[in-house]
Amino acid sequence: MSIDLTPLPVNPPELPTPSGYSHGTLSGNTVYLGGQTALDADMQIVPGGIVEQFRQAFGNVLATLRAVGGVPEDLVGITIYLTDIPDYQAHGREIGKVWRELAGPVYPAMAGIGTTALWQPEAMIEIVGVAVVPDERLVRAD
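Below, the structure is looked at part by part. (Residues numbered from 1 in each chain as written. Predicted model: local features only at pLDDT ≥ 70, side-chain atom pairs only at ≥ 80, totals over all residues. Heavy atoms only, no water.)

1. Things to note about the layout of surface pockets
The computed volume of the largest pocket comes to approximately 320 Å³. Lining the largest pocket are 16 residues, and of these Tyr21, Gly35, Leu39, Trp119 and Gln120 lie nearest its centre. The space that makes up the second largest pocket amounts to roughly 180 Å³. In this structure, the second largest pocket is lined by Phe54, Ile80, Leu82, Tyr88, Gly92, Ile95, Gly96, Trp99, Tyr107, Met110, Ala111 and Gly112. Where the lining of the second largest pocket is concerned, the elements lending two or more residues are β4 (75-82), α3 (92-103) and β5 (109-114). Residue composition of the lining of the second largest pocket, grouped by class: nine nonpolar, three polar and no charged. (1 Å grid on protein atoms, 1.4 Å probe; cavity = no way out; pocket = protein on both sides within 12 Å on 5 of 7 lines; lining within 4 Å. Points joined across faces, edges and corners; volume = space filled by probe spheres on them. Helix = DSSP H or I, 4+ residues; strand = E, 2+ residues; numbered from the N terminus. Nonpolar A, V, L, I, M, F, W, Y, C, P; charged D, E, K, R; others polar.)

2. Brief notes about the environment of Glu101
Position of Glu101 among the secondary structure elements: in helix α3. By relative accessible area, Glu101 is classed as exposed at 52%. Taking the C-alpha atoms as reference, Glu101 lies 20 Å from Val130; in sequence the two are 29 residues apart. Within the local environment of Glu101, its side chain forms a polar contact with the side chain of Arg55, the two groups lying 2.8 Å apart. (Buried < 20%, exposed > 50% of the residue type's maximum accessible area, 1.4 Å probe, protein only. Polar contact = N/O pair within 3.5 Å; in protein donor to acceptor, adjacent residues only side chain to side chain.)

3. Some points on the pairing of β4
Alignment of β4 against strand β6 (residues 125-132), held across seven bridges, turns out to be antiparallel. Note that in β6 the partner of Tyr81 across the bridge is Glu126. The pairing of β4 with β5 spans six bridges and is classified as parallel. Looking at β5, one finds that Leu82 is bridged to Gly114. (Pairing = 2+ DSSP bridges.)

4. What to know about the sheet that holds strand β3 (residues 30-36)
Judged by pairing direction, the sheet is mixed, and its six strands sit side by side in the order β1-β2-β3-β6-β4-β5 without closing on themselves. This sheet does not close on itself; its edge strands, each paired only once, are β1 (8-10) and β5. When strand polarity is set aside, the average angle formed by the axes of neighbouring strands in this sheet is 15°. Sheet strands in contact with helix α1 (residues 50-66) are β1, β2 (24-27), β3, β4 and β6, and its direction is about 30° off that of β6. (Axes fitted to C-alpha atoms, helices over the stretch in contact; angles between N-to-C directions. Contact = heavy atoms within 4.5 Å.)

Below, the structure written as structure tokens:
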């Protein structure tokens, strides 16, 4: 049995319509979750600090994952880009609580990387991920 590895864009309707990129790309059972900042449906970065921005950015990642039938347990890797690592660390317990609320107690391989800036100047965080979705749940919107 051959696996269809043709890359398909994944752009859930609840996220802002992308221009020049996709929110994710599905190839076989692997979904590559494009960088998500804390953009809301109105294309605005949510206010309130790093915890609120983490909630929105990670929620955007999970929306893309759900669009192909995935669940948080399917995540195999997450990379978090941060403009202020000490601020993220200072709010680690709150961010962990948000993670468990949105994704449960399972954590994939992760990396946190400091950067001087992100695409939107007010963005403090961007999250990229990779997930592998089992055949029985996989949704391919060809």
